[in-house]
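Spelled out, the chains give:
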Amino acid sequence: SGEDNAIRNVYILGNTIQETYTYAEYMHTFGISITAGFWVTQKGNEISDIVVAGNSLEGNPEISVLISSGAVGSSHNRVERIYFHNNHIRVTQPAREDGIPVGAVTIATGDGATDYNDPNYQPIVYPNDNILRDIWFSNNLIEGQGGSGVSLSTGDFGVERNHIEHAYILGNEFRQFFPEMGVLVTAISLEHGGSGENVISDVF
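Note that this is a predicted model, so its numbers are computed, not measured.

S.K.: Explain the pattern of salt bridges here, please?
M.R.: Side chains that differ in charge, positive against negative, can pair when their charged atoms come close. Overall, the coordinates contain eleven salt bridges when judged by the stated rule. Across the salt bridge formed by Arg78 and Glu80, the nearest N and O atoms sit 3.0 Å from each other. Arg133 is paired through a salt bridge with Glu80; the nearest N and O atoms lie 2.8 Å apart. With Arg133 in strand β10 (residues 131-138) and Glu80 in strand β7 (residues 78-85), this pair connects stretches of sequence that are 53 residues apart. The class of Arg133 is partly exposed, set by a relative accessible area of 25%. Among the charged side chains, a network of salt bridges with common partners joins Arg8, Glu46, Asp49, Arg78, Glu80, Arg81 and Arg133.

S.K.: Can you walk me through unusual backbone geometry in this structure?
M.R.: It is generally the case that most residues other than glycine have a negative phi and that most peptide bonds are trans. Gln122 connects to Pro123 through a cis peptide bond whose omega is -10°. In this model, Asp134 sits at a positive phi of 55°, which is unusual for a non-glycine residue. Although it is not a glycine, Glu197 sits at a positive phi angle of roughly 60°. Of note, Glu197 is situated in the loop between β15 (186-191) and β16 (199-203).

S.K.: Where do I start with the packing of aromatic side chains in this structure?
M.R.: Taken as a whole, this structure holds four aromatic pairs when the rule is applied. Measuring from ring centre to ring centre gives 5.0 Å for Trp39 and Tyr121, while their planes differ by 75°; the resulting arrangement is edge-to-face. Linking Trp39 in the loop between β3 (30-38) and β4 (46-53) with Tyr121 in the loop between β9 (103-111) and β10, this pair joins segments that are 82 residues apart in sequence. We classify Trp39 as buried; its relative accessible area is 18%.

S.K.: Can you walk me through the sheet that holds β15 in this structure?
M.R.: Consider a sheet: its strands pair through backbone hydrogen bonds, and that pairing is either parallel or antiparallel. In space, the five strands of this open sheet follow the order β3-β6-β9-β12-β15, with parallel pairing throughout. Each end of this open sheet is capped by a strand with a single partner; those strands are β3 and β15. Going from strand to strand, the sheet's axes swing by 5° on average, the running direction of each strand aside. Here four bridges tie β9 to strand β12 (residues 148-153), and the two strands are oriented parallel to one another. The residue bridging Ile107 from the neighbouring strand is Leu152, located in β12.

S.K.: Explain the sheet that holds strand β11 (residues 141-143) here, please?
M.R.: Spatially, the five strands line up as an open sheet ordered β2-β5-β8-β11-β14, and their pairing is parallel. In this open sheet, the two strands that pair with only one neighbour each are β2 (16-19) and β14 (173-175). Direction aside, neighbouring strands of the sheet carry axes that sit 5° apart on average. Pairing between strand β8 (residues 88-91) and β11: three bridges, direction parallel. Paired with Ile89 across the two strands is Ile142, which belongs to β11.

Reading the values: rules and limits
- Residues numbered from 1 in each chain as written.
- Predicted model: local features only at pLDDT ≥ 70, side-chain atom pairs only at ≥ 80, totals over all residues.
- Heavy atoms only, no water.
- Salt bridge = Lys/Arg side-chain N within 4 Å of Asp/Glu carboxyl O.
- Helix = DSSP H or I, 4+ residues; strand = E, 2+ residues; numbered from the N terminus.
- Buried < 20%, exposed > 50% of the residue type's maximum accessible area, 1.4 Å probe, protein only.
- Phe/Tyr/Trp six-rings, centres within 6.5 Å; stacked < 30°, edge-to-face > 60°.
- Pairing = 2+ DSSP bridges.
- Axes fitted to C-alpha atoms, helices over the stretch in contact; angles between N-to-C directions.

See below:
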């Protein structure tokens, strides 16, 4: 069922990742994904002590780097102590064919109810009570995005009690992004979502 699993002490070092997708292939594509809990049956999972350093990512996935605790109806997950240093992310297509801007890095808790993945699933289930903490994101080069360079988000409407705590975004360089893509173009974005008791705290 995907419950109560753990991934710990993983090193992702010195890789070159190049990706090219058509619009039809675009959804659910990532350069690097560190995700505890995706779908309603995946609960109580933990990812901790992950080092991602010295990698090069280039292309047009939906999200170049996804760090997520609890998505698409999955609750009670925890991601902590993620160290993302000295990586180069280059987004080669700043917007999708339908005009929606493409971001580089998403750090999210409680992101998406079950209808995101399956509109016919009933009842709709929301991802609640997820924690993401102690994220170190430093000395990275990010370029080419049409959305956010780094986005921290507590999820979508309807979610509750999701937390992002102690995030350190230090010494990064953001360049060559595209403000003509829309009003949500930012280098670093903190986005509060949900229906209640969702918290982003201690961001440096």
